[in-house]
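Structural overview for review
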Amino acid sequence: MLSPERRPSMAERRPSFFSFTQNPSPLVVPHLAGIEDPLPATTPDKVDVLIAGTGMVESVLAAALAWQGSNVLHIDKNDYYGDTSATLTVDQIKRWVNEVNEGSVSCYKNAKLYVSTLIGSGKYSSRDFGIDLSPKILFAKSDLLSILIKSRVHQYLEFQSLSNFHTYENDCFEKLTNTKQEIFTDQNLPLMTKRNLMKFIKFVLNWEAQTEIWQPYAERTMSDFLGEKFKLEKPQVFELIFSIGLCYDLNVKVPEALQRIRRYLTSFDVYGPFPALCSKYGGPGELSQGFCRSAAVGGATYKLNEKLVSFNPTTKVATFQDGSKVEVSEKVIISPTQAPKDSKHVPQQQYQVHRLTCIVENPCTEWFNEGESAAMVVFPPGSLKSGNKEVVQAFILGAGSEICPEGTIVWYLSTTEQGPRAEMDIDAALEAMEMALLRESSSGLENDEEIVQLTGNGHTIVNSVKLGQSFKEYVPRERLQFLFKLYYTQYTSTPPFGVVNSSFFDVNQDLEKKYIPGASDNGVIYTTMPSAEISYDEVVTAAKVLYEKIVGSDDDFFDLDFEDEDEIQASGVANAEQFENAIDDDDDVNMEGSGEFVGEMEI
Amino acid sequence: MNTSVTSIKLVLLGEAAVGKSSIVLRFVSNDFAENKEPTIGAAFLTQRVTINEHTVKFEIWDTAGQERFASLAPMYYRNAQAALVVYDVTKPQSFIKARHWVKELHEQASKDIIIALVGNKIDMLQEGGERKVAREEGEKLAEEKGLLFFETSAKTGENVNDVFLGIGEKIPLKTAEEQNSASNERESNNQRVDLNAANDGTSANSACSC
């Protein structure tokens, strides 16, 4: 197909202030919005692209387009950034729950909220907490991490490591044996199991090239493959599929599971002895803000509290609730939650993600690696008393991540189970976590001074008489103090997938061609709601698909070249180009009607 | 003697067209004797100055226009140690807006943030422009709210350096020893991962083959 000529990027279109200095070799720097000429006090009359919704996908897209040279207007009907990816205070959550239940926020249902009086009128304030609507972890080797570095958005953010991935099994949270070294030294593993695990790990790192091993199992389940081909038993199979691969159920196919398991393994030791990172102050909400800021620096216009009312593809004019209008020469991109009234083209959101967010008054540091504030707990199929068929994933964040105060902890639970069983599974997982925490807390004998005595040289001796008495009088402690519980069902058009596939994000390709009289959203493109995927993998793929629809090619997606004095001076700093994409999405989307796209673009 | 470096995140606030960005550009481009070449990226402007044998590295965040429609993100304010609230001495509306920004900072930013109120464009007064905001009004607001106060001209450079030196002097600077012990204490509590410090492919491969 004919690729449209790439418009000069913002950095090429306008010379930097420093081009006029006496610097003999001016740095290749982008124009900083507002530096040279004051920006207009009103929104633009005409833009290339209008984006409604400041979630992760929309924000990454806005930044890519702004730096590519497109004139972008990016709005959100909320008074905060993030939309479906937002990080919210408790008061903002209260308002959000009311909006969900009165139907003014689409794609969410059945929101139920409990807030303790300790938040607000007690020892905690609403702003002490930053609650994510779609919590996520960032693998060290991933598309998004490469883009964070390339775009310099990471400089707005702070990241911490995530080492501990626990598997819930037999009422215990087993910590993963992550590394080859740990496998060798694990006393509980038989030697044959160790050999089989090492054999599998060697295979999975280069699995695509070894088709003779996995191809016969391509349409069969991963558990069959691991059992028959590598003689692994259930504990290892479950860890590989659910805690390392973060898959959802036992039906996952072999290629998908292998891809996900390799994602974990190749992310290890990139930044240290851990596979993943978390951003402080919030997850996707923080990253959305960072990409929005980057887009603004690159020339995009931002307006919160701006609600889209309609778009007319004939006149190419979008109308907003405050009466203002803008002519959009290329595309209107809308998040489903920002769909205007009388919209007819919102894609069907037929899949459910059930989420429960709890705040517990307990530091809960036993589950974290030393110096860390995050952990993953996975409840494999069959591990809960509800007889769960789908995984329940629990992402745990402590005070060190700055999303909650000292002495408290946030539990994000989610499942891809559909219907009423989902809430049963999540409740069972919550109860299991609560009981595990209570058991660990009650084992602190050192806290009881009557039982413990110190000898002269400082050694601890347990007073056996006192201990016996204490056990006789043992009464289970009170249940945990929950400060906050938020349950909701989120709907999405993206199925729970094994591997991010760009075709998932083409749901409204046919819809674009239809014109429905009276519809307020003819001719727009809808983004997708977040799926259950705990990593950011879907974000980059979705943004790239949209970028290609607008620009005609994704060749210059975040094709940026910033020079940095610190970066040049530092030795051995990895170049973003060296990062392999953890998810292979090089295949371009089949551009049906691409001639039509070319015709529509005014370049 | 070991010279310590203190990083300061400084954010700009003020109505559009009051010249807040020009103040920064004047600052970072000025031929300060101790200054290194300013560094620009997509994130923020940086500039180092030496104050009383301490090196202060300013990380100066511009609004990038997001303030125009009340659309600044919480991340803009987070952990900012200093802020410039800029108004135009020839435009009383911008001074009214400056009051709003001071209030916004007290609500959004950390409690111990150092705020400098800056009346800009005093060069216009010599060119026939009429002063609309008396110096005393600025001084009064600054005294009320506990702010530093300056009147500047980004065009001529008058008082621009004083703004940043004044902020730098007010930031509590640590000696090298204090800074080392503080950073050790901080690192043991919350390790921060530097995304620019990835192991390259070679060491990753060697780690796998162990």
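Refer to the preceding data block for the structure.
The structure reproduced in this document is the subject of the present report. This structure is a prediction, so every number in the text was calculated from the model and none was measured.

Observations concerning the packing of helix H6 (residues 191–204) of chain A against helix H8 (residues 222–230) of chain A
Residues and elements named next belong to chain A. With their axes 10 Å apart at the nearest point, H6 and H8 run at an angle of 120° to one another. One finds that H6 runs oblique with respect to H8. For the element pair H6 and H8, the recorded crossing hand is right-handed. Between H6, through Asn196, Lys199, Phe200 and Phe203, and H8, the contact on the second element is made entirely by Met222, Phe225, Leu226 and Phe230. Residue composition of the contact of H6 with H8, grouped by class: 6 nonpolar, 1 polar and 1 charged.

Some details on the pattern of salt bridges
One pass over the structure, following the stated rule, counts 27 salt bridges over all chains. The salt bridge involving B:Arg192 is made with A:Glu158; its shortest N-O contact spans 3.8 Å. Residue B:Arg192 is found in the loop between helix H7 (176–189) and helix H8 (201–209), and its partner A:Glu158 is found in the loop between helix H4 (143–150) and strand S7 (159–162); the two belong to separate chains. Look at A:Glu158 and you get buried, because its relative accessible area is 12%.

Structural notes on the sheet that holds strand S9 (residues 172–175) of chain A
Paired through their backbone hydrogen bonds, the strands of a sheet run either parallel or antiparallel. Residue and element names in this part refer to chain A. Strand order in this open sheet of 8 strands is S4-S21-S15-S18-S17-S16-S8-S9, and the pairing throughout is mixed. If you trace the sheet from one side to the other, it starts and ends with strand S4 (108–115) and S9, each paired once. On average, adjacent strands in this sheet sit at an angle of 20° to one another, irrespective of strand direction. Of the strand pairs in this sheet, strand S8 (residues 164–169) and S9 are connected by 4 bridges, and their pairing is antiparallel. Along S9, the bridge assignment pairs Thr167 with Glu174. Sitting on the sheet, helix H3 (residues 90–101) touches S4 and strand S21 (482–492), and the angle it makes with S4 is about 140°.

As for the sheet that holds S7(A)
Spatially, the 3 strands line up as an open sheet ordered S6-S10-S7 (chain A), and their pairing is antiparallel. Only two strands of the sheet have a single partner each, and these edge strands are strand S6 (138–139) and S7 of chain A.

Some points on unusual backbone geometry
Look at A:Asp269: it is not a glycine, yet its phi comes out positive at around 70°. Relative to the assigned elements, A:Asp269 resides in the loop between helix H10 (254–267) and strand S10 (276–279). Even without being a glycine, B:Asn79 presents a positive backbone phi close to 60°. In this structure, B:Asn79 sits in the loop between helix H2 (74–77) and strand S5 (82–88). Residue class for B:Asn79 comes out partly exposed when judged on its relative accessible area of 41%.

Section: the nonpolar core
Counting residues in each nonpolar core, the largest one holds 117 residues, and the members touching the most others are A:Tyr271 and B:Phe164. Here this core takes 10 residues from helix H2 (residues 56–68) of chain A, the largest share from any one element. Counting residues in each nonpolar core, the second largest holds 75 residues, with A:Ile183, A:Phe203, A:Trp207 and A:Ile241 among its members.

Definitions and limits used
Residues numbered from 1 in each chain as written. Chains lettered and ligands numbered in written order. Predicted model: local features only at pLDDT ≥ 70, side-chain atom pairs only at ≥ 80, totals over all residues. Heavy atoms only, no water. Axes fitted to C-alpha atoms, helices over the stretch in contact; angles between N-to-C directions. Helix = DSSP H or I, 4+ residues; strand = E, 2+ residues; numbered from the N terminus. Parallel < 35°, antiparallel > 145°, perpendicular 65-115°, else oblique. Left-handed = near helix turned anticlockwise from the far one by under 90°. Contact = heavy atoms within 4.5 Å. Nonpolar A, V, L, I, M, F, W, Y, C, P; charged D, E, K, R; others polar. Salt bridge = Lys/Arg side-chain N within 4 Å of Asp/Glu carboxyl O. Buried < 20%, exposed > 50% of the residue type's maximum accessible area, 1.4 Å probe, protein only. Pairing = 2+ DSSP bridges. Core = buried A, V, L, I, M, F, W, Y, C linked by side-chain atoms within 4.5 Å.

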